[in-house]
Amino acid sequence: MAFSFDLAVVLQRDRSRTKRRSKDICKSQEPSQEIPFDLMIDILTRLPPKSLMRFKSVSKLWSSLICSKYFSNLFRKVSSPRPRLYMWLGIDNKNVLVSSSSSPDLDVSTMLSLVVDQDLTIPAMEGYSVSQIFHGLMCFTNEQSAQIYNTTTRQLVVLPTIEESSILVENDKSKRTMYGIGHDSVHDQYKVFCTVSKRGERVGNLVTWVSEHWVLLLGGRDVSSRWRNIPSSCLPHRPLTQFNTVNINGRMLYYLARTHLSKCVLVSFDMISEEISVPQLPEDLVFWPRLPIMIDIVEWHGRVAFLDYPVFENEGDAFENECVMKVWVMEDAETNLWSSKTLVFHPSQMPVVVNSSLMPRGTIREGEVILVPQIIRYSKRTLNISIDSQETTRSYVFLYNIQKNHMRRVGITK
């Protein structure tokens, strides 16, 4: 089975088929002026996605072309001058996938609102959550199940199950599956990396983990659709969540995990060599024992970065009233060289985010970090901490410029 959004296209063969059809239709008529195939492709790349989906029904040739990896890459290059932001929002107890594009003439650094111009939601997304977005490909997960959505062709493909996994076949509530997408530029192949883990045997007071690693190639007519097991010499680990993966330049996939010593580590996967490694973390990067997800991993200007959640609380609350955010950036992956910076928020920005935390949710092209308001609840009786979405009738996010230490509120409107 090959994935439809990644079909191979042989242009020379397609040109021959088009010419034969034209000759059959016009046997006894004057030959009509035929649009060159290259020109037809150029025209199609400039159409909106909704029109492309309608034109798939013109012929098998057009359907194969529009659904191919060749066309998807070309379409993305042509449409790249208009940056697009994808948002997975909760509206009226339902999750919707929407996107917003900005005009090339718009100064993104000063805009105060994001206008939703596309609703990409389809019924098959119900019950799933977005775990990663890469080159217009979205990975949706629901426990052990995963599916890839192509925002260009509007196609949703359910990934096959990992039949050979010894963990997934067990009826173990502690098992967790994390997926990540990347690109092998040497072989021009998109890949899905998967880490499967579960709780192992307890050694004294220590919790151990059992983990497996798998890779699936997306597409290609001669490529098997079976998952391949990736051997690893690194310690068995468990990803902190299903949603904390970061892709750097298509090749390197990073995520945070916990080892059997309850220690948080940074794990990387190379899409080309398919090697798994554990880079050294900054020495002053400390994770909360009970809530390590208070520090998130993001991509910033093509580098891995960590941001701790800025928490804005009134005096007397459970947390300290510190209006700061610390940032760590990997300057050199080979030498594990990190830089860090402590940022203090301006007092004028405090009233709009008081009694909430701002959760990093990625970056935009200009390097501004997208921060989503969250409410932190702490129970002194149970010592439990919960993070919930901010209850509001208006949707908005904050864009934070690390270099300028400036934050602004941006509304989301239709």
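Enumeration over the complete set of coordinates arrives at 9 aromatic pairs. Between the aromatic rings of F193 and F269, the centroid separation amounts to 4.1 Å while the plane-to-plane angle is 20°, which identifies the pairing as stacked. Remark: F269 occurs in strand β16 (residues 264-270) and F193 occurs in strand β10 (residues 189-203); sequence separation between them is 76 residues. Judged by its relative accessible area of 0%, F193 is buried. According to the relative accessible area criterion, F269 is buried, its value standing at 1%.

This part is about helix α2 (residues 37-44). Regarding α2, the residues found buried are F37, M40, I41 and L44. End-on view of α2: buried residues confined to an arc of 100°, all on one side of the axis.

Tallied over the full model, the rule gives 11 salt bridges. Residue K191 is joined to E274 by a salt bridge in which the shortest nitrogen-to-oxygen separation is 2.9 Å. Taken together, the residues K191 in strand β10 and E274 in the loop between β16 and β17 (276-277) connect sequence positions 83 residues apart. Looking at E274, the relative accessible area reads 16%, which means it is buried. Here R228 and E274 are joined by a salt bridge, their closest N and O atoms 2.6 Å apart. One end of the pair, R228, is in strand β12 (residues 228-229); the other, E274, is in the loop between β16 and β17, and 46 residues separate them in sequence. A relative accessible area of 36% means that R228 is categorised as partly exposed. Where salt bridges share partners, they join D184, K191, R228 and E274 into one cluster.

A separate point is the state of the cysteines. Enumeration over the complete set of coordinates arrives at 0 disulfides. Looking at C194, it has no disulfide partner, and the nearest cysteine sulfur is the one in C139, 8.9 Å off. Assessed through its relative accessible area of 0%, C194 is described here as buried.

One finds L159, Y179, V192 and W227 to be the most contacted residues of the largest nonpolar core, which totals 19 residues. Looking at this core, the elements that each hand over two or more residues are β6 (137-142), β7 (145-150), β9 (176-184), β10 and β11 (206-218). No other element matches the 4 residues that β10 contributes to this core. Judged by nonpolar contacts, the second largest core, of 18 residues, contains V246, L256, V304 and W338.

Attention now goes to the environment of L343. Take L343: it is sitting in strand β22 (residues 337-344). Judged by its relative accessible area of 2%, L343 is buried. Linking L343 and V324, residues 19 residues apart in sequence, is a C-alpha distance of 5.5 Å.

Read across the open sheet, the 4 strands follow the order β5-β6-β7-β8; overall the sheet is antiparallel. This sheet does not close on itself; its edge strands, each paired only once, are β5 (129-134) and β8 (155-158). The sheet shows a mean angle of 25° between the axes of neighbouring strands, direction not considered. Bridge count for β6 against β7 is 6 bridges, and the pairing is antiparallel. When the bridges of β7 are listed, M138 appears paired with Y149.

Moving on, we get to the pairing of strand β27 (residues 406-413). The pairing of strand β3 (residues 113-115) with β27 spans 3 bridges and is parallel. The residue of β27 that forms the bridge with S113 is G411. For strand β26 (residues 396-401) and β27, the ladder comprises 6 bridges, and the chain directions are antiparallel. Within β27, the position partnered with F398 by the bridge is R409. The loop that links β26 with its antiparallel partner β27 comprises 4 residues; one of these, N405, has a positive phi angle of about 55°.

Attention now moves to the environment of Y128. Relative to the helices and strands, Y128 is located in the loop between β4 (118-119) and β5. Residue classification places Y128 among the buried positions, given a relative accessible area of 14%. It is 9.5 Å that separates the C-alpha atoms of Y128 and C139, two residues lying 11 residues apart in sequence. The residues contacting Y128, other than those within four sequence positions of it, are W88, N95, F140, T141, N142, S145, A146 and Q147.

This brings us to unusual backbone geometry. One non-glycine residue, D188, lies in the positive phi region at around 50°. Along the polypeptide, D188 turns up in the loop between β9 and β10. Not every positive phi belongs to a glycine, and H301 is a case in point at roughly 55°. Mapped onto the elements, H301 comes out in the loop between β18 (295-300) and β19 (303-308).

About the criteria used
Residues numbered from 1 in each chain as written. Predicted model: local features only at pLDDT ≥ 70, side-chain atom pairs only at ≥ 80, totals over all residues. Heavy atoms only, no water. Phe/Tyr/Trp six-rings, centres within 6.5 Å; stacked < 30°, edge-to-face > 60°. Helix = DSSP H or I, 4+ residues; strand = E, 2+ residues; numbered from the N terminus. Buried < 20%, exposed > 50% of the residue type's maximum accessible area, 1.4 Å probe, protein only. Arc of directions from axis to C-beta. Salt bridge = Lys/Arg side-chain N within 4 Å of Asp/Glu carboxyl O. Disulfide = S-S within 2.5 Å. Core = buried A, V, L, I, M, F, W, Y, C linked by side-chain atoms within 4.5 Å. Pairing = 2+ DSSP bridges. Axes fitted to C-alpha atoms, helices over the stretch in contact; angles between N-to-C directions. Contact = heavy atoms within 4.5 Å.

It is worth stressing that arrangement in space is one thing and function is another; only the former is reported here.
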